[in-house]
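# Geometric and topological summary
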Amino acid sequence: MCGRFTLAATPEEVAAFLALFDLEDFPPRYNIAPTQPILMATAGPPREPGSNLPDRVALLVRWGLIPSWCKDPRKLPLLINARSETAAEKNAFRAAMRHRRALVPATGFYEWKRQGAKKQPYLIRPKGGGVVAFAGLTETWSEPGGSEIDTGAILTTAANDQIAHIHDRMPVVIRPEDFARWLDCRTQEPRDVADLLRPVEPGFFEAIPISDKVNKVANMGPEIQEPVDPAASGPPPVSPAAKREPRGEEDQLKLF
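None of these values were measured; they are calculated from a predicted model.

This next bit is on the side chain of Glu-111. Looking at where Glu-111 falls in the secondary structure, it is placed in strand S7 (residues 108-115). This buried residue, Glu-111, is left without a salt bridge; Lys-119 holds the nearest opposite charge, at 7.0 Å.

This part takes up the environment of Val-61. Following the sequence through the fold, Val-61 ends up in strand S4 (residues 56-63). Between the C-alpha atoms of Val-61 and Thr-138, which are 77 residues apart in sequence, the distance is 7.7 Å. Residues within four places of Val-61 in sequence aside, it is in contact with Gln-36, Pro-37, Ile-38, Met-40, Thr-138, Asp-150, Thr-151 and Gly-152.

Glancing now at the confidence of the model for the chain. Summing up the model confidence of the chain, the mean pLDDT is 90 and the portion of residues at 70 or higher is 87%. Segment residues 239-248 is flagged for pLDDT under 50; beyond a separation of four residues in sequence, or across chains, it makes 12 contacts in the model.

Let's shift gears to the packing of aromatic side chains. In the structure shown here, the tally under the stated rule is six aromatic pairs. Taking 5.1 Å as the distance between ring centres and 75° as the angle between the ring planes, the aromatic pair formed by Phe-5 and Trp-63 counts as edge-to-face. With a gap of 58 residues between them, Phe-5 in strand S1 (residues 5-7) and Trp-63 in strand S4 connect regions that are remote in the sequence. Both residues of the pair, Phe-5 and Trp-63, count as buried. When the ring of Phe-109 is compared with that of Phe-134, the centres are 6.0 Å apart and the planes differ by 80°; the resulting orientation is edge-to-face. Placement of Phe-109 in strand S7 and of Phe-134 in strand S9 (residues 132-142) is noted, with a sequence separation of 25 residues between them. Residue classification places Phe-109 among the buried positions, given a relative accessible area of 0%. With relative accessibility at 0%, the residue Phe-134 sits in the buried group. Among the aromatic residues, those joined into a cluster by ring pairs are Phe-5, Trp-63, Phe-109, Phe-134, Phe-204 and Phe-205. The ring of Trp-182 has Arg-101 sitting right over it, with the charged end atom 5.3 Å from the ring centre.

What follows is about unusual backbone geometry. One non-glycine residue, Asp-22, adopts positive backbone phi at about 55°. In this fold, Asp-22 is placed in the loop between helix H1 (11-18) and strand S2 (29-32). Non-glycine residue Thr-35 carries a positive phi angle of around 80°. When you line up the elements, Thr-35 lands in the loop between S2 and strand S3 (37-43). Relative accessible area serves as the criterion here: at 44%, Thr-35 is assigned to the partly exposed category.

Turning to a negative patch on the surface, a few remarks are in order. Together, Glu-12, Glu-13, Glu-24 and Asp-25 make up a negatively charged patch on the protein surface. By the element assignment, Glu-13 lies in helix H1. Note on Glu-13: relative accessible area 44%, which makes it partly exposed.

Conventions adopted
- Residues numbered from 1 in each chain as written.
- Predicted model: local features only at pLDDT ≥ 70, side-chain atom pairs only at ≥ 80, totals over all residues.
- Heavy atoms only, no water.
- Helix = DSSP H or I, 4+ residues; strand = E, 2+ residues; numbered from the N terminus.
- Buried < 20%, exposed > 50% of the residue type's maximum accessible area, 1.4 Å probe, protein only.
- Lys, Arg positive; Asp, Glu negative; His and termini not counted.
- Salt bridge = Lys/Arg side-chain N within 4 Å of Asp/Glu carboxyl O.
- Contact = heavy atoms within 4.5 Å.
- pLDDT = per-residue confidence, 0-100.
- Phe/Tyr/Trp six-rings, centres within 6.5 Å; stacked < 30°, edge-to-face > 60°.
- Lys NZ or Arg CZ within 6 Å of the ring centre and 35° of its normal.
- Patch = residues over 30% accessible without salt bridge, like charges linked within 9 Å, V, L, I, M, F, W, Y side chains within 5 Å.
- Areas by Shrake-Rupley, 256 points an atom, 1.4 Å probe, with all protein chains shown as cover.
- Charge placed at Lys NZ, Arg CZ, Asp CG, Glu CD.

And the structure:
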């Protein structure tokens, strides 16, 4: 699963990568966690010939999708991820897969490798740096009082051979040449974009062992990404906070 990620690029870099207009300024974020706001890009409204409406629009959503039919989110697991292999069939994600696909900009994500009773955190980022787009889903949930909350999840797939020794899942990466097709929910049904939901090729990412500073959500500075030598220091112990992770994909989807 993808339970933490980072977006340390500038607003200008993200806007250029996703072809967004009028993207508001935002600071670098090194430790984005579930329930926090995350940036997503979706297709813009239908355009008339000659219209100046943008092709894509940016929105901030709560990381943790709440289906529109949900009456009480407290009774649901935290849906931060959706398995790409089954999302189109699950009640929680079916509508979003058909009508509200999105892109999630990131400069990397974090994963923890189990080593006995301990875990070693890794920063997994595009080799050579830069911005990457994860496949996302968004859903607007209406509170009983009438206010609306935009929410979202990141789609995951089986890890490639390079990442599998760390974790068996990884985010789905959408390439720039596929942005338009992925976001086109008017003419492209889930079956038409299923070929995009595959693991990115080995070598696209690099995995860097880092300290356990990333385990604490309160640690939000660039120092959490400093490399360490696991052989020299030994893997960090699992803190009580780290053990209370969001439910895994298998657990959260058994309910749907």
